[in-house]
Amino acid sequence: MTPDQRRIDQLDATWHDAPGLWGFLTTVDHKRIAARYIVTALLLMFLAGMLALDMRWQLSVPENTRMSPQLFNESFSLHGSTMLFLVSVPVMEAMAIWLVPLMLGTRNLAFPRLGAFSFWLYLGGVLTLWIAHALDITPDLGWFEYPPLSGPSYSPGHRADIWAQMITFTEVAALAASVNVAATILKMRPPGMTLARMPVFLWAMLVSSIMTILSMPAIMLVTSMLIADRMVSTHFFAPASGGDVLLFQHLFWFFGHPEVYIIFIPATGFVSSIVETFSRRPLFGHSVLVLAIMAIGSLAFGLWVHHMFAVGLPRLGNDFYTAASMAIAVPAGLQIFCWIATMWSGRPWLATPMLWMLGFVSTFVIGGLSGVMTASAALDLQLTDTYFIVAHLHYVLVGGAMFPLFGAFCYWYPKATGRLMSEAWGKLAFVLIVGGFNLGFFPMHFLGLMGMPRRVYTYPEGMGWDLLNQVATAGSAITVMGGLVFVANALVSYWRGRPSGPNPWHGSTLEWAVPAPTPSWNFAYTPVVSSLTPMWDEGPLKVVDGIAIERREVLVTTVTDAAPIYRQKSAGPSIWPLVSALAVTAMFLGSIFTPWAIPIGAVPIGAALTGWFWPERGRAKTGPFAVRA
Amino acid sequence: MNSRSMALLGMVLLAGCSGVQSPLVPSGDQAGALHNLFWLMVVVCGGIYLLVIAGLAWGLMRVRRQSATTSDHTASDKRLDKGVWVAAAVIVAGLTVLIVGSFLADRALFATRGQSAMMVRVTGYQWWWRIEYRDPAGNRWIETANELHLPAGRTTRVQLGSADVIHSFWVPNVAGKLDLIPGRRNQLDLTPRREGWFRGQCAEFCGTQHAHMAFDVKVESPATFDAWLAGQGRNATTPAASERGQGVFAQNCAACHGIRGTLAYGRAGPDLTHIASRRSIAAGTLPMSRGGLQGWIAQPQALKPGTAMPTIPLSAADANAVAQYLAGLK
């Protein structure tokens, strides 16, 4: 049903943000919030990539003295912490925040203000780490800071505290985003979108959100214990006082391993959407893909010890974790099979987003297979902490998550901006990034097998590592050039790109029903769904009416069958999420320096939350209660 | 394909590499078991990778007859449904081979655990290795640093501990790595077979100079080893015409370094009783030479920034005398 102009005007009036800076600070529009998340994460990806290039330059010749050991150690710590905590996880959440309401045919997230709060707190974590870097208190112990090296005796000063508190920021932000995404997917699906008719993308986002909710508490606990050890001498990790250094590793990896899948599973959602659209047929094996995602999500919690095979744990346990780690190849392999089967039985259209899927399969599978090698408790003793692992983790994270992300960026770019990115420049960027990446990282497998440990700022001559290191450096430089082409293409297309219309790729899911760029209210009417690919069904999209347009309202449906149950007020713009995030930021930063920051800092947080949740007089604003019944 | 040409290039390079610190040049039982497992993995995983790429290529190049988006896929999907089971079966079969291979290799690593073996204690420090041998003749430990000697054909049991942070002991030609963890004691059995010099290196990030925490490993015939150990067990013999050097050492260095047979009892740094018999200085930072010793004494912070060894202001003549003294401690 095409909305008339009066309806559009009314929706605009109800859902618009205040103009100017105030609107910028108070908005709860999921698309604006997600755009901020994504731009911030891409900027950080560029900065952390520059650090990587700097390190590759240092390692291109043996005995190089260009970087001091301290600078090199800071560089890889900042690179890893930024990429894992501030880029990979948040950017996947951001894609969910953007796309989940659109794919559900709804007007906003379940908790709009929580979405805004999540971004502001994430920004607090970003600024904590990078302003600390500008002030030369950069963490310098890697992206997992094992005690006792990170404890009070061996890391005086505040570098380790900055790292630990940056994690607290990003984890609170991630929890807020995940709760929001999970609630939105479970309770705000359009009528007809039963769990069985839910696109794989939404399953991926649901499972990774639940994994985030289950795993993040472990890392917040462990970094808080580390801070307590450092600040108030709790001795959790001090063996001389009865503590145990391995406790840290167990808790860290209980989060750290699921984290890898929290990054990878959303990427499988992107792949499923893109492969379906560009194979021009409904995804083959929908149930297999959904079950595979669930299997990966469950198994991910049972194999953290494979990061610890070299610490000397009991062997029976190691055997269990070997089998569990390898078992994850079964669901992952079936996913790959389903995607290839979809291409095989469809009519593949090799536009840029689809090229990224080919890059993903051919690169990620290498990372998956090197993962099978390192999953062996025995063989891992030769592979762990070498450049083989550096190669492996980049193949899974870049090949398995970033390539799908780049494809997703090209795929949904017209939805966000109303314009298409250039195909020619997009293909050039694809060739440079995928080619440069493989040239840069494949030799690292050999470096590891030739004995080069990771995290070394230099290496002696005569080890036979020189040439491969130079090749790796050249590959990294080519990748960075490709990245610049990609970003330039995105920027130029923003102003010069060809107008796309609402559905340039003839996509199958609901986000392609809304105009591009998307209005603040997303959908004029709530769509009704009767298949997995509603945009490919015969006839126009069916809709229901009944959700208010003169106040912010959304439809809430049942968890399993998506039967409408009630209309729900959707929170409007507010400054309180920002104020609350500032209060939390003040407490987190203060707690680096004194434990008193926690009780004292709780007061402004309480005040801000009181403002946030101050009851609104719903009746006076929205008319007689009977209208809402 | 990019990665495959890289693989070929890699093979060529491996043939020419030095191989003193490489899992691909196994020189002991444990490394040999892992080397076999590695190639089993490469074959199985490489085969699976080729299947995936072939499937992808076939999927893209196949001639298609379907005409529209909404065309009926039920016929081809029925065939593909069977494919899901085939794919699952192939993966499970491959993984079964690898898991069994992994368990067998794991058993091989611990095959010597029940037997008696020579005990060596290795303790990690930021950033060097204290190495202590059980004296076969008596109840004491013979101490040295940064150089491990192993008898070929016999099993040596290394007890791993740490004095400060977590380190990891790795001699890839002989065995896989095992961490040195404060508050814990790990044991690693080494059964080297091929004689020669190898290199080990710390594999767990341990602070500023993690990159310069290596050690030399000499695998030698049991007779040579016994002679070496007997030599290491003897006190230092003060070299001729080095009284001045010994005096300067006693005043400036003995608080941290020990030299058995003299009044230098320090334990904070490496034992130097037979330092000149070793192959390198400062945990693999410099090759052993008289000039290297003198340079290290003069400028430790320039050669290994962050090392616990302080720069001690010595006159040129004193530094020369200390270097001469140490260079004589064979």
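Residues numbered from 1 in each chain as written. Chains lettered and ligands numbered in written order. Predicted model: local features only at pLDDT ≥ 70, side-chain atom pairs only at ≥ 80, totals over all residues.

J.: What is the right way to look at the overall build of chain B in this model?
T.: If you tally the helices and strands in chain B, you get eight helices and 14 strands. Over its C-alpha atoms, taken along the principal directions, chain B stretches across nearly 95 × 45 × 40 Å. A burial count over chain B gives 43% of its 330 residues as buried. Considering only intrachain contacts with a sequence separation of at least 6, the fraction spanning at least 24 residues in chain B is 65%. (Helix = DSSP H or I, 4+ residues; strand = E, 2+ residues; numbered from the N terminus. Buried ≥ 20, exposed ≤ 12 C-beta atoms within 10 Å, placed from the backbone. Contact = placed C-beta atoms within 7 Å.)

J.: In this structure, what is going on with the overall build of chain A? I would like to understand it.
T.: The helix and strand inventory of chain A stands at 20 helices and four strands. Compactness check: chain A gives a C-alpha radius of gyration of 25 Å against a globular reference of 25 Å for 629 residues, within 12% of the reference. Referenced to the eigenvectors of the C-alpha coordinate spread, the extents of chain A come out at roughly 75 × 60 × 50 Å. Expressed as a percentage of its 629 residues, the buried residues of chain A come to 60%. Pairs at least 24 apart in sequence give 80% of the contacts found in chain A among residues at least 6 apart. (Rg over C-alpha atoms; globule rule 2.2 N^0.38 Å.)

J.: Just checking my understanding: could you explain the packing of helix 12 (residues 352-375) of chain A against helix 14 (residues 387-417) of chain A for this structure?
T.: Packed helices, taken two at a time, are described by the angle between their axes plus the distance between the axes. Residue and element names in this part refer to chain A. Interaxial distance between helix 12 and helix 14 falls to 8 Å at its minimum, and their mutual angle equals 160°. Taken together, helix 12 and helix 14 sit at an angle that is classed as roughly antiparallel. For helix 12 against helix 14, the interelement crossing comes out left-handed. Its residues assigned to classes, the contact of helix 12 with helix 14 comprises 15 nonpolar, twelve polar and no charged. (Axes fitted to C-alpha atoms, helices over the stretch in contact; angles between N-to-C directions. Parallel < 35°, antiparallel > 145°, perpendicular 65-115°, else oblique. Left-handed = near helix turned anticlockwise from the far one by under 90°. Nonpolar A, V, L, I, M, F, W, Y, C, P; charged D, E, K, R; others polar.)

J.: Which parts of the structure should I look at to understand the domain arrangement of chain B?
T.: Bring the parts together and some accessible area is lost; that lost area is often taken as the interface size. Residue and element names in this part refer to chain B. Segmentation of chain B into domains returns domain 1 (1-62 + 77-217) and domain 2 (243-327). Taking only C-alpha atoms into account, the centre of domain 1 sits 34 Å from that of domain 2. With 17 residues of domain 1 in contact, the opposing surface of domain 2 contributes 15 residues. Elements represented by at least two residues in the side of domain 1 that touches domain 2 include exactly strand 2 (128-134), strand 3 (141-145) and strand 10 (214-220). (Domains from an automatic or database assignment.)

J.: What is the right way to look at the packing of helix 12 of chain A against helix 15 (residues 423-449) of chain A in this model?
T.: Residue and element names in this part refer to chain A. Their axes nearest at 10 Å, the elements helix 12 and helix 15 cross at an angle of 10°. Taken together, the axes of helix 12 and helix 15 are roughly parallel relative to one another. Note on element contacts: helix 15 touches helix 12 through Glu423, Gly426, Lys427, Phe430, Val434, Phe437, Asn438 and His445, opposite Thr352, Leu355, Trp356, Gly359, Thr363 and Ser370. When grouped by side-chain class, the residues that make up the contact of helix 12 with helix 15 number five nonpolar, seven polar and two charged.

J.: I would appreciate a short explanation of the confidence of the model for chain B in the present structure.
T.: Low pLDDT marks regions whose predicted coordinates should not be analysed in detail. Predicted confidence across chain B gives a mean pLDDT of 91, with 92% of residues reaching 70 or more. In the predicted complex, the global pTM is 0.94; the interface-specific ipTM is 0.93. (pLDDT = per-residue confidence, 0-100.)

J.: Sorry if this is basic, but what is going on with the sheet that holds strand 5 (residues 156-162) of chain B here?
T.: Two strands in a sheet stick together by hydrogen bonds in their backbones, pointing the same way (parallel) or opposite ways (antiparallel). Residues and elements named next belong to chain B. Pairing in this open sheet of five strands is mixed, and the strands run 3-2-1-5-8 from one edge to the other. The two strands at the open ends of the sheet, each matched to only one other strand, are strand 3 and strand 8 (186-190). If you compare each strand with its neighbour and ignore which way they point, the axes differ by 25° on average. For strand 5 and strand 8, the ladder comprises five bridges, and the chain directions are antiparallel. Within strand 8, the residue paired with Leu160 across the bridge is Asn186. (Pairing = 2+ DSSP bridges.)

J.: Looking at this structure, I do not really get the interface of chain A and chain B. What am I missing?
T.: The interface of chain A with chain B comprises 76 residues on the first partner and 76 residues on the second. Going through the elements one at a time, helix 4 (69-103), helix 8 (245-279), helix 10 (315-327), helix 11 (329-345), helix 12, helix 13 (380-383), helix 15 and helix 16 (466-496) of chain A are the ones with two or more residues in the side of chain A that touches chain B. For the side of chain A that touches chain B, the element with the most residues is helix 11 of chain A, which contributes eleven residues. Its residues placed into classes, the side of chain A that touches chain B shows 49 nonpolar, 19 polar and eight charged.

J.: Teacher, can you tell me more about the pairing of strand 4 (residues 564-569) of chain A here?
T.: Side-chain direction in a regular strand flips from residue to residue, so the side chains alternate between the two faces of the sheet. All names here are of chain A. Inspection of the sheet shows strand 3 (residues 553-557) paired to strand 4 by five bridges, in the antiparallel sense. Within strand 4, the residue paired with Thr557 across the bridge is Pro564. The turn joining strand 3 and strand 4, which pair antiparallel and follow one another in sequence, is formed by six residues; a positive phi near 55° is taken by Ala562.

J.: Would you mind showing me how to read the environment of A:Val100 here?
T.: All names here are of chain A. Summarising the element assignment, Val100 is placed in helix 4. Here the alpha-carbon distance between Val100 and Leu206, two residues 106 residues apart in the chain, equals 9.7 Å. With residues up to four places along the chain from it excluded, the contact list for Val100 reads Val181, Thr184, Ile185, Leu202 and Met205.

J.: It is not clear to me how the sheet that holds strand 10 of chain B should be interpreted in this structure. Could you clarify?
T.: Residues and elements named next belong to chain B. Pairing in this open sheet of three strands is mixed, and the strands run 4-10-9 from one edge to the other. A single partner strand is all that each edge strand has here, and the edge strands are strand 4 (147-151) and strand 9 (196-201). Within this sheet the neighbouring strands show an average axis-to-axis angle of 25°, counted without direction. In this sheet, strand 10 lies alongside strand 9 in antiparallel orientation, the contact comprising six bridges. Among the inter-strand pairings, Gly200 is bridged to a residue of strand 10, identified as Phe215. Packed on one face of the sheet, helix 4 (residues 222-233) meets strand 4 and strand 10 and runs near 140° to strand 4.

J.: Where do I start with unusual backbone geometry in this structure?
T.: Across residues other than glycine, the phi torsion is negative in most instances, and most of the peptide bonds are trans. The omega angle of the peptide bond from A:Pro147 to A:Pro148 is 5°, so this bond is cis rather than trans. Assignment of secondary structure puts A:Pro148 in the loop between helix 5 (112-134) and helix 6 (159-187). Cis rather than trans, the peptide bond between B:Gln126 and B:Trp127 has omega equal to -5°. Structurally, the position occupied by B:Trp127 is in the loop between strand 1 (118-125) and strand 2. The phi angle at A:Glu63 is positive, at roughly 55°, despite the residue not being glycine. Turning to its location among the elements, A:Glu63 is positioned in the loop between helix 3 (30-59) and helix 4. Exposure remark for A:Glu63: the 8 C-beta atoms within 10 Å place this residue in the exposed category. Here A:His235, not a glycine, exhibits a phi torsion of approximately 65°, which is positive.

J.: Hey, could you run me through the nonpolar core in this one?
T.: Soluble globular proteins: nonpolar side chains tend toward being buried together. Counting residues in each nonpolar core, the largest one holds 289 residues, and the members touching the most others are A:Ile97, A:Val100 and A:Val361. Counting residues per element, this core draws most heavily on helix 14 of chain A, which supplies 21 residues. Counting the residues that make up this core, at least three belong to each of domain 1 (1-62 + 77-217) and domain 2 (243-327) of chain B. Beyond its immediate sequence surroundings of up to four residues, A:Val361 is in contact with A:Ile336, A:Trp339, B:Val52 and B:Leu56. (Core = buried A, V, L, I, M, F, W, Y, C linked by C-beta atoms within 7 Å.)

J.: Would you mind going over the confidence of the model for chain A with me for this structure?
T.: Residues at a pLDDT of 70 or more form 98% of chain A, whose mean pLDDT is 94. Long-range and interchain partners of residues 620-629 of chain A, a stretch whose pLDDT sits below 50, account for five contacts in this model, where long-range means more than four residues apart.

J.: Just to check I follow, could you spell out the environment of A:Phe237 for this structure?
T.: All names here are of chain A. Mapping Phe237 onto the fold places it in the loop between helix 7 (200-232) and helix 8. Residue Phe237 is classed as buried on the basis of its C-beta count, with 27 C-beta atoms lying within 10 Å. C-alpha separation for the pair Phe237 and Thr82, spaced 155 residues apart in sequence, amounts to 25 Å. Residues within four places of Phe237 in sequence aside, it is in contact with Pro147, Pro148, Gly151, Asp229, Gly243, Asp244, Val245, Leu247 and Phe248.

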